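Chains, contacts and geometry: an overview
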Amino acid sequence: MKRGEYVPSRVSFPDAPGDPDLPMVDVSLSSPVGEDRAPSPAQAVLDTGSGPTVLSPHLRESLDLVPTGEREVVTFPRDLGEKARTYPVCPVRVGINGAFDEVVEAVVMPLYPDMLLGRDILNKLRITLDAAGSLVTLELGAKAGAP
């Protein structure tokens with residue numbers, strides 16, 4: 001079993017000042033091509049409400065990720081009549097404390113904090129969140145080919 005620590009957020013989110021701390025895990029990010037550079041550390045929010053993994057433009061620029069397409073996105077909460085917006089998609093290698101290491105197609109859009117782990121990754125993991133104990137346990141799940 002591979003484990004990753006739950007890191008309570010230490011920042012105030014102006015749009016939700018009363019929200020509890022966000023479950024975040026340490027990840028390593030790198031470009032899927034030209035892997036001669038060491039992976040960059042980052043923190044990502046576990047977001048079961050997001051289909052794709054999402055990166056901020058800041059992370060995309062710091063990793064020199066090259067867009068390979070676009071994806072329409074409607075954010076939550078959706079306003080009546082809201083139109084989907086189109087954002088670039090970039091392949092990025094995501095590593096999570098030895099429990100996960102794959103290239104995914106991440107959407108790049110304005111975001112704070114800098115990264116959301118979406119269901120494209122989370123659905124491949126068995127995740128146990130012990131918020132009171134400040135621990136997230138990550139294991140490969142059945143969708144990732146684990147026994």
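As a convention, each chain's residues are numbered from 1 in the sequence order in which they are written. Reporting in this predicted model follows two pLDDT cut-offs: at least 70 for local features of residues, and 80 or more for side-chain atom pairs to be given and counted; totals over whole chains, interfaces and linings ignore these cut-offs and use all residues. Processing note: side-chain calculations cover all non-hydrogen atoms of the structure and skip hydrogens and water entirely.

So, the nonpolar core
Counting residues in each nonpolar core, the largest one holds 26 residues, and the members touching the most others are Val-27, Leu-29, Val-92, Val-94, Ile-96, Met-115 and Leu-117. Any two residues whose heavy atoms approach within 4.5 Å are treated as being in contact. Filtering out sequence-adjacent residues up to four positions away, Val-27 remains in contact with Ser-40, Pro-41, Ala-42, Gln-43, Ala-44, Gly-95, Ile-96, Met-115 and Leu-117. To form a nonpolar core, buried Ala, Val, Leu, Ile, Met, Phe, Trp, Tyr and Cys residues must be joined to one another through side-chain atoms within 4.5 Å. For every residue, the accessible area obtained with a 1.4 Å probe (protein chains only) is divided by the maximum for its type, and the residue is called buried under 20%, exposed over 50%, and partly exposed between those limits. By size, the runner-up hydrophobic cluster in this structure holds nine residues, among which are Val-73, Val-107, Met-109 and Leu-116.

Considerations on the confidence of the model for the protein
Averaged over all residues, the pLDDT of the protein equals 80, while 78% of them reach at least 70. Within a predicted model, pLDDT stands for the predictor's per-residue confidence, ranging from 0 to 100. A run of H or I in DSSP counts as a helix once it spans at least four residues, and a run of E counts as a strand once it spans at least two, with each numbered from the N terminus. Averaged pLDDT values for the elements of the protein fall to 45 in strand 1 (residues 2-5) and rise to 97 in strand 4 (residues 54-55).

Some points on unusual backbone geometry
Cis geometry is found at the peptide bond from Tyr-112 to Pro-113, where omega equals 0 degrees. Of note, Pro-113 is situated in the loop between strand 7 (100-108) and strand 8 (115-117). Located in the positive-phi region is Asp-64, a residue other than glycine, with phi close to 55 degrees.

Examining the environment of Thr-75
Mapping Thr-75 onto the fold places it in the loop between strand 5 (69-73) and strand 6 (85-96). Considered as a pair, Thr-75 and Arg-85 are 10 residues apart in the sequence and their alpha carbons are 8.9 Å apart. Ignoring any residue separated from it by four or fewer positions in sequence, one finds Thr-75 in contact with Glu-82 and Met-109.

Examining the pairing of strand 3 (residues 40-46)
Regular strands show a simple pattern: their side chains alternate between the two faces of the sheet. Sheet analysis places strand 2 (residues 24-30) next to strand 3, joined by six bridges and oriented antiparallel. Bridged to Met-24 within strand 3 is Val-45. Should DSSP find at least two bridges between two strands, the strands are regarded as paired. Where strand 3 meets strand 8, two bridges bridge the pair, whose relative direction is parallel. In the strand pairing of strand 8, Val-45 is matched with Leu-116.

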